[in-house]
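# Architecture at a glance
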Amino acid sequence: GRAQIGVTGLAVMGSNLARNLARHGHTVALHNRHADKTDRLIAEHGDEGDFVRTESIEEFVAALQKPRRALIMVKAGQPTDQVIEQLAAAMEPGDIIIDGGNALFTDTIRREHALRERGLHFVGAGVSGGEVGALEGPSIMPGGSVESYKSLGPLLESIAAQVDGTPCCTHIGPDGSGHFVKMVHNGIEYSDMQLIGEAYDLMRRVLGFDAGRIAEVFRDWNGTELESYLVEITAEVLDKSDPQTGGPLVDVIVDAAEQKGTGRWTVKAALDLGVPVTGIAEAVFARALSGARTQRAATKGLAGGTLPTVAEALGGHSETEFIEDIRRALYASKVIAYAQGFDEIKAGSDEHGWGVKPVDLATIWRGGCIIRARFLDRIREAYTSNPELPSLVLDPFFRSAIEEGLDSWRRVVAAAVRLGVPTPGFSSSLAYYDGLRAERLPAALTQGQRDYFGAHTYERVDAPEGKKFHILWSEGGAEIEA
Ligand code: 6PG
């Protein structure tokens, strides 16, 4: 075969990645279950580079240079397993199968192990950046063997987004690590979107701004440390008028957020790892609440209590001051979202022995992906100067960034609570921060209760760590060593 790489599954993401590869001078074999999609791609974009049209999987595999590199871009789950099986049957030891979809990392671990037994490399690669990113430069998070990356890495790096000459693609670690970090990327994406939504809602409901005016605020914010893809597109979405009514588009969109699963997976995995990703969890649950349409329709008119006036809730602060407060609350909460996401990546990496380097993610998320943001440069610096940073909030830069925003953050949460505007992202992130910095937590009481009803024991502040004690609650109340 003469193609350096092949793409099977030519829906939008697959087509755009194939075109991106061809545009970078690679010969790309094309395959789709129904050849009409292959033909359409060649008819519409065949002049962008060198494509090899194939119909059967066998023909597709035969079109590839050895070691063969085949990128699968089909639906996660069963369809992916089917294509993997067909490819594996036609391939030879040393060949590489890449799954560029949003696969669940445990599926990727299973597939990688099974294919390794057969002498094949399996690369679970997270790809972020949506349709435009796929075509013009995504952020790519490939897992799998070091050997596979030697052969595949240069190809992927050539089509990835570039920031300051550095490609937004690097080898993440073994088996499921690439899809794991992509999953957490999406969890952070959910969190960031929820926080932006809360900022919007506060301006809307507390200040009474219309969509256009809020778009202006977000455009301004995009000139500050909040500069990011999501803030930028927020302004564009808010500015868009409805082609049918002429009013703001956002006002005619049903307020029930959907989700395909990666945010939920992030939270499930975090629960298993015991990592408090509270902001991400609130974002997933906020989507669930918004989607509970029957329940919401039935609860219209539920009381909100005695609410202060807006002026009272703002405590003498002006509209402009409140907007600046929201901006700072958004920034601080966003730092927490990333801090929690990086914590989960560290925990996942430790659990699976992946050796994922946080600095790599900060580097490759600076461009191409949905959560790309100016402050990732700062996260990169933080993990460069201290790869073992226990939490992002302890990095000197972020520490003072949060400290500077703290009063604003508290004012925003307080005003929202008093006015009955839900801000689960802002509030839970603040509670997380306060919990993290608390000298004593009520968990001491929890331990006492557990010892009372279940003899679950407790540790003492004045005894060595690991030493367990128990009170003979119903037998005189003396303390014993457990
Ligand atoms: C990306 C996006 C991408 C996709 C999400 C949307 O990084 O390019 O995250 O993967 O848009 O799957 O997820 P939901 O449908 O769950 O919001």
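Please read these numbers as outputs of a predicted model, since none were measured by experiment. Residue indices follow the written sequence of each chain, beginning from 1 at its first position. Local features are withheld for residues below a pLDDT of 70 in this predicted model, meaning they are given only at 70 or higher, and side-chain atom pairs are given and counted only at 80 or more; totals for whole chains, interfaces and linings count all residues. Derived side-chain values reflect all non-hydrogen atoms in the structure, with water molecules and hydrogen atoms excluded from consideration.

Moving on, we get to the pattern of salt bridges. Side-chain pairs of opposite charge can arise where the charged atoms are in close proximity. A pair is scored as a salt bridge if a Lys or Arg side-chain nitrogen falls within 4 Å of a carboxyl oxygen belonging to Asp or Glu. Here the structure, examined in full by the defined rule, presents 37 salt bridges. Across the pair Asp 350 and Lys 346 runs a salt bridge, and its minimum N-O distance is 2.8 Å. Of this pair, Asp 350 and Lys 346 both sit in helix α15 (residues 319-352), separated by four residues, roughly a single helical turn. In this structure, a network of salt bridges that share partners links the residues Asp 81, Asp 99, Asp 107, Arg 110 and Arg 111. Counting from the N terminus, the helices are DSSP H or I runs at least four residues long and the strands are E runs at least two residues long.

Any segment with low pLDDT has predicted coordinates that should not be analysed in fine detail. Scored between 0 and 100, pLDDT is the confidence that the predictor attaches to each residue. Here the chain shows a mean pLDDT of 97. Residues at 70 or above account for 100%. Interface scoring of the predicted complex returns ipTM 0.96; its pTM is 0.97.

Take the site of the ligand next. It suffices for a single heavy atom of a residue to lie within 4 Å of a molecule or strand for the residue to be listed as near it. Close to the ligand lie 14 residues, the nearest being Ser 128, Glu 189, Tyr 190, Lys 260 and Arg 287. Here the accessible surface of atoms and residues is derived via Shrake-Rupley with a 1.4 Å probe, and residues count as covered only by protein chains that are part of the display. For the ligand, whose unbound accessible area comes to 420 Å², protein coverage reaches 80%. Lys, Arg, Asp and Glu make up the charged group, whereas Ala, Val, Leu, Ile, Met, Phe, Trp, Tyr, Cys and Pro make up the nonpolar group; the residues left over, Gly among them, are polar. Residues that form the shell around the ligand fall into these classes: two nonpolar, eight polar and four charged.

Next up on the list: the UniProt feature "binding site: substrate" (unreviewed entry) in the chain. UniProt positions are given in the numbering used here, feature names are shortened, and annotations may be inferred rather than shown by experiment. The UniProt feature table records "binding site: substrate" (unreviewed entry) at Asn 102, Ser 128, Gly 129, Gly 130, His 185, Asn 186, Tyr 190, Lys 260, Arg 287, Arg 450 and His 456. Their sequence span is 355 residues, while the largest C-alpha to C-alpha distance among them is 48.9 Å; these annotated residues do not converge on one region. Mapped onto the fold, Asn 186 is located in helix α8 (residues 177-205). Excluding its chain neighbours within four sequence positions, the residues that come into contact with Asn 186 are Asn 102 and Thr 262. By the element assignment, Arg 287 lies in helix α12 (residues 278-291). Of the residues examined, Arg 287 reaches a relative accessible area of 13% and is grouped as buried. Residue contacts are counted whenever heavy atoms from the two residues lie within 4.5 Å of one another. Setting aside its immediate chain neighbours within four residues, Arg 287 contacts Tyr 190, Met 193, Ala 257, Glu 258 and Gln 259. Whether a residue is buried, partly exposed or exposed follows from its accessible area with a 1.4 Å probe, protein chains only, as a fraction of its type maximum: under 20%, in between, or over 50%, in that order.

With that settled, the discussion passes to the side chain of Thr 423. Locating Thr 423 in the fold gives a position in the loop between α18 (396-419) and α19 (424-437). Take Thr 423: its relative accessible area is 5%, and that puts it in the buried class.

Bringing helix α5 (residues 105-117) into the picture now. Between the first and last residue of a helix there are one fewer steps than residues, each counted as 1.5 Å, and that sum is the expected span. Taking 1.5 Å as the rise per residue, α5 with 13 residues should run 18 Å; its terminal C-alpha atoms sit 19 Å apart, in good agreement. Within α5 the residues assigned to the buried category are Phe 105, Thr 108, Ile 109, Arg 111, Glu 112 and Leu 115. The elements touched by buried residues of α5 are α4 (78-90), β5 (96-99), β6 (121-128), α8, α11 (262-273) and α15. Just downstream of α5, Gly 119 is the residue with a positive phi angle, here 80°.

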